[in-house]
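# A look at the structure
Take a look at the letters that make up each chain.
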Amino acid sequence: MFREVRKRASKVGQPPGTATFTGLKKSFVPRMTMVTYSEQQYHVATGTTLEECTSGKISNGLTWINIQGLQNVGLIQQLAALYKIHPLTIEDILNVQQRPKVEEFENYEFITLKIFLWQPKKLRFAAEQLSILLGKDFVISFQESDTPIFKNINERLCSESTQRLRQQGSDYLAYRLIDTVVDYYFLVLEGLGNQIDKIEEKIISDPAPQNTRTIYRLKRQMLFLRKSIWPMREVISHLLQGEEKLISAFTRLYMRDLYDHVVQAIDTIETFRDMLSNLLDVYLSSLTNRMNEVMKTLTIIATIFIPMTFLASLYGMNFKYMPELSWHYGYYIVLGIMLALAVGMLIYFWRKKWI
Amino acid sequence: MFREVRKRASKVGQPPGTATFTGLKKSFVPRMTMVTYSEQQYHVATGTTLEECTSGKISNGLTWINIQGLQNVGLIQQLAALYKIHPLTIEDILNVQQRPKVEEFENYEFITLKIFLWQPKKLRFAAEQLSILLGKDFVISFQESDTPIFKNINERLCSESTQRLRQQGSDYLAYRLIDTVVDYYFLVLEGLGNQIDKIEEKIISDPAPQNTRTIYRLKRQMLFLRKSIWPMREVISHLLQGEEKLISAFTRLYMRDLYDHVVQAIDTIETFRDMLSNLLDVYLSSLTNRMNEVMKTLTIIATIFIPMTFLASLYGMNFKYMPELSWHYGYYIVLGIMLALAVGMLIYFWRKKWI
Amino acid sequence: MFREVRKRASKVGQPPGTATFTGLKKSFVPRMTMVTYSEQQYHVATGTTLEECTSGKISNGLTWINIQGLQNVGLIQQLAALYKIHPLTIEDILNVQQRPKVEEFENYEFITLKIFLWQPKKLRFAAEQLSILLGKDFVISFQESDTPIFKNINERLCSESTQRLRQQGSDYLAYRLIDTVVDYYFLVLEGLGNQIDKIEEKIISDPAPQNTRTIYRLKRQMLFLRKSIWPMREVISHLLQGEEKLISAFTRLYMRDLYDHVVQAIDTIETFRDMLSNLLDVYLSSLTNRMNEVMKTLTIIATIFIPMTFLASLYGMNFKYMPELSWHYGYYIVLGIMLALAVGMLIYFWRKKWI
Amino acid sequence: MFREVRKRASKVGQPPGTATFTGLKKSFVPRMTMVTYSEQQYHVATGTTLEECTSGKISNGLTWINIQGLQNVGLIQQLAALYKIHPLTIEDILNVQQRPKVEEFENYEFITLKIFLWQPKKLRFAAEQLSILLGKDFVISFQESDTPIFKNINERLCSESTQRLRQQGSDYLAYRLIDTVVDYYFLVLEGLGNQIDKIEEKIISDPAPQNTRTIYRLKRQMLFLRKSIWPMREVISHLLQGEEKLISAFTRLYMRDLYDHVVQAIDTIETFRDMLSNLLDVYLSSLTNRMNEVMKTLTIIATIFIPMTFLASLYGMNFKYMPELSWHYGYYIVLGIMLALAVGMLIYFWRKKWI
Amino acid sequence: MFREVRKRASKVGQPPGTATFTGLKKSFVPRMTMVTYSEQQYHVATGTTLEECTSGKISNGLTWINIQGLQNVGLIQQLAALYKIHPLTIEDILNVQQRPKVEEFENYEFITLKIFLWQPKKLRFAAEQLSILLGKDFVISFQESDTPIFKNINERLCSESTQRLRQQGSDYLAYRLIDTVVDYYFLVLEGLGNQIDKIEEKIISDPAPQNTRTIYRLKRQMLFLRKSIWPMREVISHLLQGEEKLISAFTRLYMRDLYDHVVQAIDTIETFRDMLSNLLDVYLSSLTNRMNEVMKTLTIIATIFIPMTFLASLYGMNFKYMPELSWHYGYYIVLGIMLALAVGMLIYFWRKKWI
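Residues numbered from 1 in each chain as written. Chains lettered and ligands numbered in written order. Predicted model: local features only at pLDDT ≥ 70, side-chain atom pairs only at ≥ 80, totals over all residues. Heavy atoms only, no water.

## Concerning the packing of aromatic side chains
The criterion, for reference: Within 6.5 Å between ring centres, the rings of Phe, Tyr and Trp (the latter by its six-membered ring) count as paired, and their orientation is classed by plane angle as stacked under 30 degrees, edge-to-face over 60, tilted in between. We count a stretch as a helix when DSSP gives it H or I for four or more residues in a row; a strand needs E for two or more, and each element gets its number in order from the N terminus. Exposure is judged per residue with a 1.4 Å probe applied to protein chains only, and the accessible area is read against the type maximum: over 50% gives exposed, under 20% gives buried, and values in between give partly exposed.
Following the criterion strictly, the structure yields 97 aromatic pairs over all chains and no others. Ring centres of F310 of chain D and F305 of chain E lie 5.7 Å apart, and the angle between their planes is 55°; on these two criteria the pair is classed as tilted. In this pair, F310 of chain D is assigned in helix α9 (residues 249-314) and F305 of chain E in helix α9 (residues 249-314), connecting two distinct chains. Each of the two residues, F310 of chain D as well as F305 of chain E, counts as buried.

Written out as structure tokens, the structure is:
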């Protein structure tokens, strides 16, 4: 969970703008997909080097380059040279522990955010970083891993020539990328919501010690989500409020909608957090309740039998001179006293509503 | 409770602006009511298709279309074409998991909010979505279900020709719709307030384990209400601060009043939340108190009788040579010691204020 | 406590601006006091109808009408007609569950706030609503009950011809009315503060279960006060920041002072809230402490005597062949072992600082 | 602690601007010190009446009047007449329950704040009010008591003719007065910090019930400090942001420094509050821990001996026909079973890590 | 931890601008490093007096003076005279208990912040103060101790003549100094994060009393970090928003990046705080859980054996006339009853899910 801090820490002493990949080494080979398109044309090329992709590209149109995997620092620096990307941007792209943010540079907007993917089997989410460079006629997206979350968009770009996606500018494409990422947030929230529902049911019906740990784990995940989704609000609001340069009025309407989605995600996270806190309260009070019940059982049994046992022990003493022992009804009298004691206690407990 | 998240999640991968109804399938047939009126005239038509309703309408006047049930996507798209409604608006209307919001479009304001209806038998509230399109000479309202909450308004429109409602523009009609919705909030708050009153009384007089669960359920409902009513403040304040285009000075005064009502609802929700938290504290402290009492009872009985029982057991031993056993007053001496022990303990407890 | 919500709820379905009194029916007859005065003149008339009061009034001067009791809706509507009061204002005056607010209308400012009166015998406060209409040459105040809290001001108006009150405009009179109301807040805070002092002393010296309930009740009252006094800050700040139209520079200095008083009241409420929370913590920890002590007593007695009792029981067995029983010093050896056990335990507990 | 509320309450019904001293009656005679000085000249006079002080004053220079004790209302009203002080200011000076604030009047700024003096023997602080009137060529300071906290400043004014204090205007003198007061805050914070250090050490090493009460008392003092020091930030920031009229650019640099000191004091208070809350948590968890240990001891002893005692009692029964009793090795078999039970229990507890 | 408060307290009564070193006396001799450089030239000199360093400096270029150790007040005052430093700045540099801040003076910006160094062996961090004076052609940095954290920067200045550092102005150098300090924060956060990870693991697997104290110590350190890093945000945002005078557009991009780092550090601190609070909750609930288990064990054993022991004691009584004792199967009947009791209890506990 503290990957960020650790990696950042490992860079102490390096000058700013140094291009070092700070993610975990992945086993796959970084891939690059280059799509060039205009309203009429569409061309796609996939490869591991820049040269493989640039051949056959459409000359006048929009370019979308999607990098999957950041290990190939050389490739990224080639792109940097081609599109005049600031060294700080390259550093931020490679440093996968960024806080979501948007930064304006001379010829592009740099947007970085987190992709969350729900892993239904592990009951938790995986996180990876996505950086987007939005230029006048290009969009470059850098994914940390090779999950094909933008497959849909590529397919739509390819087939639907009459659609908005081909007609609109690079800003609309960038919007669609972010929108896809935000849609995935709701899958994660659904997964977590289901877990909260389950734990809620358990705690209400049969609270067990491991529930605390589940709540703790969920809270921890919530902290992490929160940290990454809250800044998204600023990011999108910044894109919305920016000058008209890059975001068109058309896209702006869609961005506004996206903003609402992010706010809804944040609302849901906050509600989840509140629910988890409330559940912990319910759990703790049920613990205390249970202990109350346990103690009550002990107290009732003990306070009924202890005096009786004392009486029995008393007449178990071996003193030579104990007149009661030789009484004919001594035994029955003692039994009667014991019965009276027990009944008295039971009445006392019943009055106190303990039984 | 997490309908929102789930439904939103089910839309991952769809392009924005896709018209899909995300609510639960309802068994009734969606209905449409079209009211056209001016200060002098009034005409109403109800049906399930657009054609049934448009015949006989007044040509120059205001139009209020109320849709009850959103399953008939076709009908809604016909309306969209007629009134030039943006695809994003249609998507938002059909996606019944919206956060309350207001959005300006070229020829209308799009307002979406939640209707809460108190169900006295189930002791909880039902929620449904209401979307309002406020145009210059039309108001279109989309209800998720067929509850007749706007019946009153229609009746007033019909009968009271001399009243404000017929004289004022579409903005006043929209205000009246929202005002009705906000009035219903107070019914829900009344219902919840009554439940809080009851649980308060119980906790003060006789706290029981199920109280925690009731408090939890109430808190959960509060969370949900809160999430939907807080944004209403922004919505109305946005309508108030907007340019003069759609909201007249006359209606503005009423809107300001409505704003106060929403703030009062929010205040009440926050007070309820605080009260529930305080009640939980009272409950928990009463639990601990009770355990204290139980433990005290056990301790008093046990500490009085355990030493006495020991003494009795001691003289119940079968050693051949135990001189005390043959003392003539041995038994009475032991009884005396026991009594002294018991009285001593009682004095000790009495001094400690345990009895 | 939830009067507000309930009454508001009872109005669902009524058009806005309907004049309905939502308070409790009071047994007294609503009274009206009309004071007309200028620097030189002063005239007062009291009655139950408008006609009784208007005769004999001074023609050119300021008018202060004080209504005590809102049951007579007819009277209030007469006034409304006379002073051109907006229907929404009338509705708000009669609906005694308002949140404190100030609203500008064409010819007056509408101020509504709460009066709190400390009831020393019941150890709680009574609340009633006060609405003030501040016009250029009139002030109309609507009290919910007939408590004579403005008696002082009337007397001063009558006697002190050389004083500020007669020289200044209607704004200064309105200021004096609000100032009086705010002064009463401090009486309520004093009453509550005394109760907190008492409960604090009790909890520190001898905590008892009912303390939680007292704290709960005080917290509840605090919630209510808070809800009504926080908005007062906005109200007065709004009056201060408004245009120069109604509030003169002279009165403004006094208003600023009043603002400070309200802030001080709010500060005190927040301090009280914090103290009550802290007190609850002290109480809960003293509860746990107490239980600790109870348990310790039980544990010490039980762990000392249980092993000894076992030993005694052991030699109380009736086996035929138990060699120890016939030893000459068997009894003394066992007594010795018991003593050693007891002393060992005592040392153990003493080391653990339990005794 | 609630002096404020009480005194304010006692003024209900008085018109605003009434000059009443609301502090406790002090036994000393109010004193007045008048210093007049310019860069070259310096004159000081001390007395109990205005006449005693004004004789011999320097004609063209700055005047600093320091009043110690507010009981002599007449003296203060003489000053008010001399310097044209607004009645509200006089009321605020005499009402020693002010919230720190700064108010602009026509010919002066009115600043009121709290002096806190640490009393090392009582381990708490004393509070008194200080009001400062800052005019173009005069500074008047009103202390509630006669503590000589400004002695230093007077000495410096007297001796150091080459120093800033004599060269600068009245604004710099006022700054020095406030700076002295803020410096004293740090003495109080040091005193409280030492106490927190001590209680921390105690709670970590050997938590005792009275710790809660100490924490409570410290929290209470913190609440009071907080209430008085937070507004200081606004006060100084207001002085900094005001127009250039009274505060020169030279003094402004010093004021900015003072602002930082106040923020640091606030930071420290907030840190102390957090620490006290954390300490309470530590204390409560150590309480629960302790109870755990107590219970564990009881449970281990009881669960080991209770079954053994039962067995012993079993063979202590006096039935005529109990075959085991006459077995030759019966006693040893029972002893063996008991031993096995005890060892089994011990293993069980050891596995559970209870021992 | 309260060094600040104490040292500040010791200065009460001194006039502002007094140059007194408030840190702990260090054993090393303060050192001064003077670097003068331009794009082509570089000269460095180290010594303990100003004269040692100024000889041989480059005439037209940038000057960076780094002071390590603040004990030599004379040296610092020499510098003050040379660079026209305001007395308040000197006071703030020497008073090592500053809150991070930035202040504009006529010819320089004064920046003060905290350096945190992680001490892996002690598992905590050391704090020292760093003050930076940023002038048009000079940067003077004052370190409290002699840790060589700026060694890297000096080396880079020396060797890499073609690099940004030599080409850019004094603003970029200052940025690099602050950037280095902020990088060290991440080392501290990594160290604390590791500790949180460890304590988390312990609490989940095997909670022990000392965990609370560890959490408390971590929380305390967090409080201290928080207090010093939060203001850093303001500091850098102030530098970013200032006029163009000192910070060039080039450096501004880097500053923006630095701002993000600080925000990330703050986010991490807040997350850590939340995690520690959650861990405390987990720990407390596990404590209660444990006690529940302990109590359950006791209750089960006690309630099973206490009634059986009573029965056994009953037939251990020595009454002469107890008919059951002479029954032939009396012993077996009693054994049967005991068995039935025990089994009944076990079923009861099993149903209650206690076993």
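## Re the relation of the copies chain A and chain E
Rule in force here: All copies are superposed by least squares; the fitting set is the C-alpha atoms of residues with a pLDDT of at least 70 in both. Contacts are residue-level and defined by heavy atoms, with any inter-residue pair within 4.5 Å sufficient.
Superposing chain A onto chain E takes a rotation of 72° plus a shift of 0.1 Å along the axis, which leaves an RMSD of 0.2 Å. In the structure described here, the two chain copies are related by an operation that fits a five-fold rotation axis. Across chain A, the smallest distance between a C-alpha and the rotation axis is recorded for G316 of chain A, namely 4.4 Å. With a heterologous cut-off of 20% or less, the 15% of interface residues of chain A that recur at the interface of chain E puts this contact in the heterologous class.

## Digging into the packing of α9 of chain D against helix α11 (residues 330-351) of chain D
Residue and element names in this part refer to chain D. Operational definition: Angles run from 0 to 180 degrees between N-to-C directions of axes, and those axes are lines fitted to C-alpha atoms, restricted for helices to the stretch in contact. Each angle gets one of four labels, with under 35 degrees taken as roughly parallel, over 145 as roughly antiparallel, 65 to 115 as roughly perpendicular, and the rest as oblique. The handedness criterion is simple: a crossing whose near helix is rotated anticlockwise from the far helix by less than a right angle is left-handed, and one whose near helix is rotated clockwise is right-handed. Residues are grouped as follows: Ala, Val, Leu, Ile, Met, Phe, Trp, Tyr, Cys and Pro are nonpolar; Asp, Glu, Lys and Arg are charged; all remaining types, including Gly, are polar.
Viewed as axis vectors pointing N to C, α9 and α11 meet at an angle of 160°, and their least axial separation amounts to 10 Å. Taken together, α9 and α11 sit at an angle that is classed as roughly antiparallel. As for the relative orientation of α9 and α11, their crossing is right-handed in sense. Contacts between α9 and α11 involve T299, I300, T303, I304, P307, M308, L311 and A312 from the first element and I337, M338, L341, A342, M345, L346 and F349 from the second. Each residue belonging to the contact of α9 with α11 can be placed in one class, and the counts come to 13 nonpolar, 2 polar and no charged.

## Some remarks on the arrangement of the chains
Contact between chain B and chain D is absent, and the minimum C-alpha spacing across the pair is 9 Å. Nowhere do chain C and chain E come into contact; their C-alpha atoms are at least 9 Å apart.

## Here's the deal with the pairing of strand β5 (residues 108-119) of chain B
Put simply, side chains in a regular strand alternate between the two faces of the sheet. Residue and element names in this part refer to chain B. Cut-off, in case you're wondering: In this description, strands pair whenever DSSP reports at least two bridges between them.
Summarising burial for β5: 11 of the 12 residues are buried, a large majority. Taking the residues between adjacent antiparallel strands as the criterion, strand β4 (residues 101-104) and β5 are bridged by 3 residues. As paired elements, β5 and strand β6 (residues 124-135) share 12 bridges and run antiparallel to each other. The partner of E109 across the bridge, within β6, is L134. Taken together, β5 and the strand that follows it, β6, pair antiparallel across an intervening segment of 4 residues, in which L123 is found at a positive phi of about 55°.

## Structural notes on helix α8 (residues 210-241) of chain A
Residue and element names in this part refer to chain A. Which entries qualify depends on this criterion: Helix span is expected to be 1.5 Å times the residue number reduced by one. In this analysis the local bend is the angle between axes fitted, respectively, to the seven residues ending at and the seven residues starting at the residue.
The first and last C-alpha atoms of α8 sit 47 Å apart over 32 residues, in line with the 46 Å expected at 1.5 Å per residue. The sharpest bend along α8 reaches about 25° and sits at R226. Taking burial as the measure, the 32 residues of α8 include 23 buried ones, the bulk of the element.

## Quick look at the relation of the copies chain B and chain C
With an RMSD of 0.2 Å, chain B superimposes on chain C once it is rotated by 72° and translated 0.1 Å along the axis. Take the interface residues of chain B: only 15% of them recur as interface residues in chain C, which is what a contact between different surfaces looks like.

## Describing the interface of chain A and chain E
You'll often see interface size given as the accessible area lost when the parts meet. This is how the line gets drawn: Accessible area, probed at 1.4 Å, shrinks when two parts are joined; the buried area is that loss added up over both. Each salt bridge in this description consists of a side-chain nitrogen of Lys or Arg and a carboxyl oxygen of Asp or Glu lying within 4 Å of one another. For this analysis, a polar contact is any N or O atom pair within 3.5 Å, provided that within protein one partner can donate a hydrogen and the other can accept it, and provided that sequence-adjacent residues contribute only side-chain to side-chain pairs.
With 65 residues of chain A at the interface, the matching set in chain E holds 68 residues. Buried surface at the junction of chain A and chain E, summed over both partners, amounts to about 6100 Å²; 64% is from carbon and sulfur atoms. Taken together, the connections running from chain A to chain E amount to 8 salt bridges. Close ionic contact of R220 of chain A with E200 of chain E constitutes a salt bridge, the shortest N to O distance being 2.6 Å. For the interface between chain A and chain E, the tally reads 17 residue pairs in polar contact (both at pLDDT 80 or more). Of all elements in the fold, only α1 (3-10), α4 (87-94), β4 (101-104), α8, α9 (249-314), α10 (323-326) and α11 (330-351) of chain A reach the threshold of two or more residues within the side of chain A that touches chain E. With 20 residues, α9 of chain A is the single largest residue contributor to the side of chain A that touches chain E. Partitioning the side of chain A that touches chain E into residue classes produces 33 nonpolar, 13 polar and 19 charged.

## Description of the interface of chain B and chain C
Chain B puts 68 residues into the contact, and the matching count from chain C is 65 residues. It is Q264, F310 and F319 of chain B that lose the most area in chain B upon contact with chain C, and together they represent 11% of the buried surface on that side. Run the count over chain B and chain C and you get 8 salt bridges. Where D197 of chain B meets R220 of chain C, a salt bridge forms, and the shortest distance between an N and an O atom there is 3.8 Å. Considering each element in turn, the side of chain B that touches chain C owes the most residues, 34 residues, to helix α9 (residues 249-314) of chain B.

## Examining the sheet that holds strand β7 (residues 138-143) of chain D
Residues and elements named next belong to chain D. With mixed pairing, the 7 strands of this open sheet are ordered in space as β2-β1-β3-β7-β6-β5-β4. The open sheet has two edge strands with one neighbour each: β2 (42-47) and β4 (101-104). Taken over all neighbouring pairs, the strand axes of this sheet differ in orientation by 15° on average, direction set aside. As judged from the 5 bridges shared by strand β6 (residues 124-135) and β7, these two strands associate in the antiparallel manner. Along β7, the bridge assignment pairs I132 with S141. Together, β1 (31-37), β3 (62-68), β5 (108-119), β6 and β7 form the strand contacts of helix α7 (residues 170-205), whose direction differs from that of β5 by roughly 30°. Running over the sheet, helix α8 (residues 210-241) touches β4, β5 and β6 and is turned about 150° from β5.

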